[in-house]
Amino acid sequence: MAEINIVDSPMGSGKTTAIINYINSNPTRKYIYIAPFLSEGERIKSHCSSLNFCAPSELFSKTADLKRLISDGENIVSTHSLFKLVDNRTIDLLKSQDYVLIMDEVIDIVDIVNITDKDRKLLFDSNLLSVDSNNKLQWNDHSYTGNFNKMKQMTETDKLFLFDDKIIIWQFPVEAFEGFKDVYILTYLFSGSKLKSYFDTYHLKYNYFYIDDSMNIQKGIFDDRLFKERIRPLINLYEGNLNDIGEKTTALSANWFKSSNRMEHIKLKRDVYNYFRHIVDTPSKLNMWSVFSKYEDRYKGDGYTKGFVACNSRATNDYRDKMSLAYLVNVYENPIIVHWFKNRGASINEDDFALSQLLQWIWRSRIRDGKEINLYIPSSRMRNLFTDWLYA
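Calculation rules
Residues numbered from 1 in each chain as written. Predicted model: local features only at pLDDT ≥ 70, side-chain atom pairs only at ≥ 80, totals over all residues. Heavy atoms only, no water. Pairing = 2+ DSSP bridges. Helix = DSSP H or I, 4+ residues; strand = E, 2+ residues; numbered from the N terminus. Axes fitted to C-alpha atoms, helices over the stretch in contact; angles between N-to-C directions. Contact = heavy atoms within 4.5 Å. Buried < 20%, exposed > 50% of the residue type's maximum accessible area, 1.4 Å probe, protein only. Phe/Tyr/Trp six-rings, centres within 6.5 Å; stacked < 30°, edge-to-face > 60°. Expected span 1.5 Å × (residues − 1). Polar contact = N/O pair within 3.5 Å; in protein donor to acceptor, adjacent residues only side chain to side chain.

**Student:** Kindly report on the sheet that holds strand 8 (residues 160-163), identifying the contributing residues and their values.
**Tutor:** Spatially, 5-9-8 is the arrangement adopted by the three strands of the open sheet, whose pairing is antiparallel. Of all the strands in the sheet, the pair left with one neighbour each is strand 5 (110-112) and strand 8. Put simply, the sheet's adjacent strands are angled 30 degrees from each other on average, direction ignored. Running over the sheet, helix 14 (residues 335-343) touches strand 5, strand 8 and strand 9 (167-171) and is turned about 125 degrees from strand 5.

**Student:** Please provide a residue-by-residue account of the pairing of strand 14 (residues 287-290), values included.
**Tutor:** Burial of strand 14 is two-sided: the residues N287 and W289 facing one way and the residues M288 and S290 facing the other way are all buried. Across four bridges, strand 14 lies against strand 15 (residues 324-327) in parallel orientation. Bridge pairing links M288 to L325 in strand 15.

**Student:** How would you explain the sheet that holds strand 16 (residues 373-376) if you had to name every residue and give the values?
**Tutor:** Read from one edge of the open sheet, four strands run 13-16-15-14, paired in parallel fashion. Each having just a single partner strand, strand 13 (235-237) and strand 14 make up the two edges of the open sheet. Each strand of the sheet is rotated relative to its neighbour by a mean of 20 degrees, with strand direction disregarded. With three bridges joining them, strand 15 and strand 16 adopt parallel strand pairing. Its bridge partner being in strand 16, S324 is matched across the sheet by N374. Its contacts with the sheet place helix 15 (residues 350-362) against strand 14, strand 15 and strand 16, and it is angled at close to 155 degrees to strand 15.

**Student:** So, the pairing of strand 10 (residues 180-187): which residues are in play, and what are the values?
**Tutor:** Summarising burial for strand 10: seven of the eight residues are buried, a large majority. Inspection of the sheet shows strand 4 (residues 99-104) paired to strand 10 by six bridges, in the parallel sense. In the strand pairing of strand 10, L101 is matched with V183.

**Student:** An account of the packing of aromatic side chains is needed here, citing residue identities and associated values.
**Tutor:** Evaluated as defined, the whole model comprises 35 aromatic pairs. Ring centres 5.4 Å apart and planes at 75 degrees place the aromatic pair F190 and Y206 in the edge-to-face group. Of this pair, F190 sits in the loop between strand 10 and helix 9 (194-201) while Y206 sits in strand 11 (residues 206-211), and the two are 16 residues apart along the sequence. The burial state of F190 is the same as that of Y206; both residues are buried. Between Y198 and F199, the ring centres sit 5.9 Å apart and the planes meet at 50 degrees, which makes this aromatic pair tilted. In this pair, the class of Y198 matches that of F199, namely buried.

**Student:** Residue-level account of the environment of I4, with values.
**Tutor:** With respect to the helices and strands, I4 occurs in strand 1 (residues 3-8). Judged by relative accessible area, which is 2%, I4 ranks as buried. Spatially, the C-alpha atom of I4 lies 7.0 Å from that of K205, the residues being 201 residues apart in sequence.

**Student:** Please set out helix 15 residue by residue, giving values where relevant.
**Tutor:** Because an α-helix packs 3.6 residues into every turn, residues spaced three or four apart end up facing the same way. For helix 15, which comprises 13 residues, the first-to-last C-alpha distance of 18 Å matches the rise-based estimate of 18 Å (1.5 Å per residue) to within 8%. Residues of helix 15 that are buried: D352, F353, A354, L355, S356, Q357, L358, L359, Q360, W361 and I362. Each element contacted by the buried residues of helix 15 is listed here: strand 14, strand 15, strand 16 and helix 16 (380-390). N-capping of helix 15 is provided by N349, with a side-chain oxygen placed 3.3 Å from the backbone N of D351.

And the structure:
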């Protein structure tokens with residue numbers, strides 16, 4: 001089994017620079033660098049030029065080309081989305097090559113398969129699907145071609161499970177991690193990630209690392225107190241009566257958006273407008289905001305519409321000019337996912353999960369360049385999580 005190393009350091013602390021230094025200091029090893037977006041891999045390609053990193057080509061099939069590159073022992077940059085498609089053949093190839101996996105930010109390791117009750121019943125009644133004693137789904141007709149080809153492929157790579165007799169769960173195959181010599185995961189607040197719960201489910205051991213002042217990776221826990229002291233003067237956190245709508249602990253959660261009446265939605269939209277127009281009064285091009293994506297159109301408003309950034313956005317530098325920020329959500333993990341891990345002997349730290357998403361979102365802005373920002377977090381829970389972290 002690979003040695004799993006968690007490089008747990010704050011945003012902007014130099015994790016990518018440190019991993020570049022590590023790669024260049026160990027040029028005889030073979031690497032697969034996985035990032036949320038392929039553009040992030042370009043930095044690795046340019047700063048580790050002697051190692052000739054390659055990206056899978058779209059000419060025929062990226063998954064097929066990824067297998068070719070692994071088989072040839074090339075150094076590879078790719079994306080989270082492609083890595084999640086690994087199959088048994090890819091895993092076998094990895095095991096033969098002794099690659100080092102470097103994962104920039106954690107991948108979504110578990111998800112709920114979007115399938116109707118009628119389609120699920122059809123698959124079981126026709127015996128296309130069955131479930132084994134470990135609740136793993138099995139595909140019974142290997143000659144099948146049709147609308148459920150994708151599901152067939154996922155069952156063949158042991159990625160689908162039946163949960164609570166009615167929910168189909170996709171889970172990344174743990175065997176993939178066995179294919180690597182070493183694993184480095186670059187993140188912050190790993191304690192709140194589903195990946196930690198996943199490792200705990202399988203009793204996989206991991207070590208913590210941090211970035212030292214020389215931009216090198218060192219074993220141990222990062223002390224982020226100096227980091228927080230440095231950024232506190234840069235954050236103007238709003239504390240006025242526009243926060244009243246988020247006073248209840250559960251306010252602005254996904255359930256709140258779903259169940260609130262029209263007047264509550266109107267009030268929140270008016271509050272965010274007042275914040276941007278009358279409290280901070282910054283030009284629209286400097287404003288950044290977020291709600292749950294399905295409500296984006298409802299909450300668009302004069303002076304901030306074009307600054308929408310998804311509330312779970314991370315690992316992108318496209319918004320580093322943004323000065324005034326409004327985070328209008330209260331983040332909880334999907335209760336089905338929480339229950340899934342609980343049934344498998346692991347738990348999710350939901351406060352660290354929420355805080356991690358908030359911090360990643362804030363660090364899309366110009367604070368990543370050491371510049372001052374204005375911040376509006378109307379949810380009392382999210383605001384308290386943030387201030388407790390900032391002043392700890």
